[in-house]
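Each chain, letter by letter, is given below.
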Amino acid sequence: EDGNNNNSNNDDQTTDTASSKFKDQEKLIPPLPLQIFASDAEVVLPQALTASQLFGIERVTGIELEAAAGTIGLSQLFLRWLALMPEGDHMNVIDPPGLTVMRISGGRYRVTGAHRVVWRWMNKFSPASMFTIPSDFKPAESGTEEEDDAPDTDFDFGDLVSMTIIDVFETDADGKLLSYCPTFDNRAVHKTQEVTERLRKGASHLKERMEVVARSPAGKSVNKTAGNFGRMSISAALAVGNIVKNKIEEGIHKHQHPKQGGGGLGRENDISEEASYTDAVGGDDVEEEALSRGDEHSTATPGGGGGASKSAASKGEGYFSDESTPSRQMEV
């Protein structure tokens, strides 16, 4: 009996400790709806109580809506709305367009977006909820029997289905939800493959991780280094392009003007032209100067004594003297 009393006392102490711990947490962290919704938030959601009603009867009669205000009322309505898609995965934001934010009067924001909800269809339509053609409706004669016999839905019990929802909501300046109204077509529920959804979910997770890494300090430094490397590569490519361009232009210029390349033959042609010019003028001094310049060119040979004679001749050309003044050097 003493052992049982000790065990009960220990259980009571554990319970008291856990309850006090939860009370401390409640003081620090408010409940989740209070973090998401403003105190005067409003929502407009489907009134349906079962999936057969929303995706069966109301496919023909139209969707009945219900409004709720206040944290308690809209939380209850949200739970009923989410129960129509059991264990639904709403974390599939369609990007693009992603979220479009528009600022409105009063410091509020109107946000529009779209997401796909994926869930396991665990419902069997009752005969009353199946899509039926009204009795006064006459189909076109072009319709075939196969089209008439085709099922209205492409999914069955246990299949994975998806539906696109357009989200329109408003928030206050702090980001808390003021109003929310989803827009969707309850006839646009289609079967999807589990492998496809896994690939999509993996791609979205990889994209989120890459964004987190890119925003980290290490990612910023890597992006900066990559940008610098790209700019250096562009500069090097431009420099090489300029070199190639200059070489091409030089080759074209040499091809168009072969006499300006510089060589012995071109120089001899120039000397002959100068000699013919002196003959036409008829001046003895001009002819002697042309002959002396031709002798300098012919006697200048690489590695021999022609260089010394050329330098002496050029040095002599830079001096003049007469009987009354000493020799002076002047620049030519």
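Residues numbered from 1 in each chain as written. Predicted model: local features only at pLDDT ≥ 70, side-chain atom pairs only at ≥ 80, totals over all residues. Heavy atoms only, no water.

A. How the structure looks around the overall build of the chain. Of regular secondary structure, the chain possesses 10 helices and 9 strands. Residues classed as buried in the chain amount to 21% of the 332 residues present. For the chain, the proportion of contacts with a sequence separation of at least 24, taken over those separated by at least 6, is 67%. In the form shown here, the chain has an accessible surface area of approximately 24600 Å², with 56% of it arising from carbon and sulfur atoms. (Helix = DSSP H or I, 4+ residues; strand = E, 2+ residues; numbered from the N terminus. Buried < 20%, exposed > 50% of the residue type's maximum accessible area, 1.4 Å probe, protein only. Contact = heavy atoms within 4.5 Å. Areas by Shrake-Rupley, 256 points an atom, 1.4 Å probe, with all protein chains shown as cover.)

B. A look at the packing of aromatic side chains. Enumeration according to the criterion identifies 8 aromatic pairs in this entry. On the basis of an interplanar angle of 40° and a centroid distance of 5.6 Å, the ring pair of Phe37 and Phe78 is categorised as tilted. Highlighted residues: Phe37 in strand E1 (residues 37–46) and Phe78 in helix H4 (residues 71–83), separated in sequence by 41 residues. One exposure class covers both Phe37 and Phe78, and it is buried. Ring plane angle 70° and centroid distance 5.7 Å describe the contact between Phe55 and Trp121, whose orientation is recorded as edge-to-face. Highlighted residues: Phe55 in helix H3 (residues 51–61) and Trp121 in the loop between strand E4 (108–120) and helix H5 (145–149), separated in sequence by 66 residues. (Phe/Tyr/Trp six-rings, centres within 6.5 Å; stacked < 30°, edge-to-face > 60°.)

C. Inspection of a nonpolar patch on the surface at higher detail. Taken together, the side chains of Val240, Val244, Ile248 and Ile252 make up a nonpolar region of the molecular surface, amounting to roughly 350 Å² of accessible area. Within the secondary structure, Ile248 is located in helix H7 (residues 217–256). (Patch = residues over 30% accessible without salt bridge, like charges linked within 9 Å, V, L, I, M, F, W, Y side chains within 5 Å. Salt bridge = Lys/Arg side-chain N within 4 Å of Asp/Glu carboxyl O.)

D. Here's a closer look at the pattern of salt bridges. For the coordinates displayed, the defined rule picks out 11 salt bridges. Residue Arg198 pairs with Glu194 through a salt bridge whose shortest N-O separation is 3.1 Å. One end of the pair, Arg198, and the other, Glu194, are both in helix H6 (residues 194–215), 4 residues apart, so they sit about a helical turn from each other. One salt-bridge network, in which partners are shared between bridges, spans Arg108, Arg110 and Glu170.

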